[in-house]
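Breakdown of the fold
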Amino acid sequence: MDARHFFGLAVERGFVTPALLIGADATRAAVHAKLIEMAAMSEPGDLFLLTFSGHGGRTSLPSREVGTWQLYDGALNEEKLTNDLSLFREGVRVLVVSDNCGGGLPGSPQSPGGAERLPPRSRPAIEGFLKASVLVLAACEQGKYADGEGLPGHFAAAMDRVLKEFIGPYAAFHHALCNEMPSYQKPDFYRLGTPSAAFESQQPFTI
């Protein structure tokens, strides 16, 4: 599955002791515990990589509708995930690779931390909730479908092809990914939390 594919990418790129949560190990409690652990360990200048490959969706809370990632024991909604990401310190870089229908971090453009899509689409970020600098690479745009026959799927396969020879910043990487994808499935790219021009200008997956 693509979860193993992205785990292999983390190992290849030199991330320290990457964790792979699949099947019965991929519970809401396990993801919550791992994010708390990583937030406590991360120091300014570090890069934390969070990848998800699975089903995305939406569910209703008493106050509003929220986006979800579907884990083994149920849905992880955007409020819980954003709260966990808020534990990362200012100066920490967080890269989220989200391979699911619906696009990116669950419901992130409406999340409490605010979201800002990178040019030409932009949204004002609400300062102060997410302290870390977060970049999201998503398999498809919000509200769209992500698919692909066999494994790896379209998004993972396109990322492999582009990374082989790519040199440049994240925005150019996103553009290159779009060129590798079918017309009905275009990846998305946006920032959350504290903007960092230095992070955005780096070679993707550079520790």
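Judged by pairing direction, the sheet is antiparallel, and its three strands sit side by side in the order 2-3-4 without closing on themselves. Edge positions in the sheet fall to strand 2 (56–60) and strand 4 (74–77), since each of these pairs with one other strand and no more. Direction aside, neighbouring strands of the sheet carry axes that sit 50 degrees apart on average. Relative to strand 4, strand 3 (residues 65–71) runs antiparallel, the two sharing four bridges. For Thr68, the partnering residue across the bridge sits in strand 4 and is Asn77. Running at roughly 35 degrees to strand 4, helix 2 (residues 28–41) makes contact with strand 3 and strand 4 of the sheet. Helix-sheet contacts for helix 3 (residues 78–85) involve strand 2, strand 3 and strand 4, and the interaxial angle to strand 4 is about 55 degrees.

So, on to the packing of helix 4 (residues 154–163) against helix 5 (residues 170–180). Between helix 4 and helix 5, the shortest axis-to-axis distance is 9 Å and the interhelical angle comes to 120 degrees. Of the possible angle classes, the one that applies to helix 4 and helix 5 is oblique. Helix-helix and strand crossings are classified by hand; for helix 4 and helix 5 the assignment is right-handed. Only Phe173, Ala176, Leu177 and Glu180 of helix 5 make contact with helix 4, whose side of the interface consists of Phe155, Ala158, Met159, Arg161, Val162 and Leu163. Of the residues that constitute the contact of helix 4 with helix 5, the class distribution is eight nonpolar, no polar and two charged.

Scoring rules and cut-offs
Residue indices begin from 1 for each chain and proceed along its sequence in written order. With pLDDT at 70 or above as the cut-off, local features in this predicted model cover only qualifying residues; side-chain atom pairs require 80 or more to be listed or tallied, and sums for whole chains, interfaces and linings still use all residues. The side-chain values count all of the structure's non-hydrogen atoms but skip hydrogen atoms and water molecules. DSSP bridges decide pairing: two strands pair if at least two such bridges lie between them. Starting at the N terminus, helices and strands are each numbered in turn, a helix being any DSSP run of H or I of at least four residues and a strand any DSSP run of E of at least two. With axes taken as lines fitted to C-alpha atoms, and helix axes fitted only over the stretch in contact, angles between N-to-C directions fall between 0 and 180 degrees. We call two residues in contact when some of their heavy atoms are within 4.5 Å. Under this scheme an angle from 65 to 115 degrees is roughly perpendicular, one under 35 degrees roughly parallel, and one over 145 degrees roughly antiparallel; angles in between are oblique. Crossing handedness follows the turn of the near helix against the far one: under a right angle anticlockwise gives a left-handed crossing, and clockwise gives a right-handed one. All residues other than Ala, Val, Leu, Ile, Met, Phe, Trp, Tyr, Cys, Pro, Asp, Glu, Lys and Arg, Gly among them, are scored as polar; the first ten of these are nonpolar and the last four charged.

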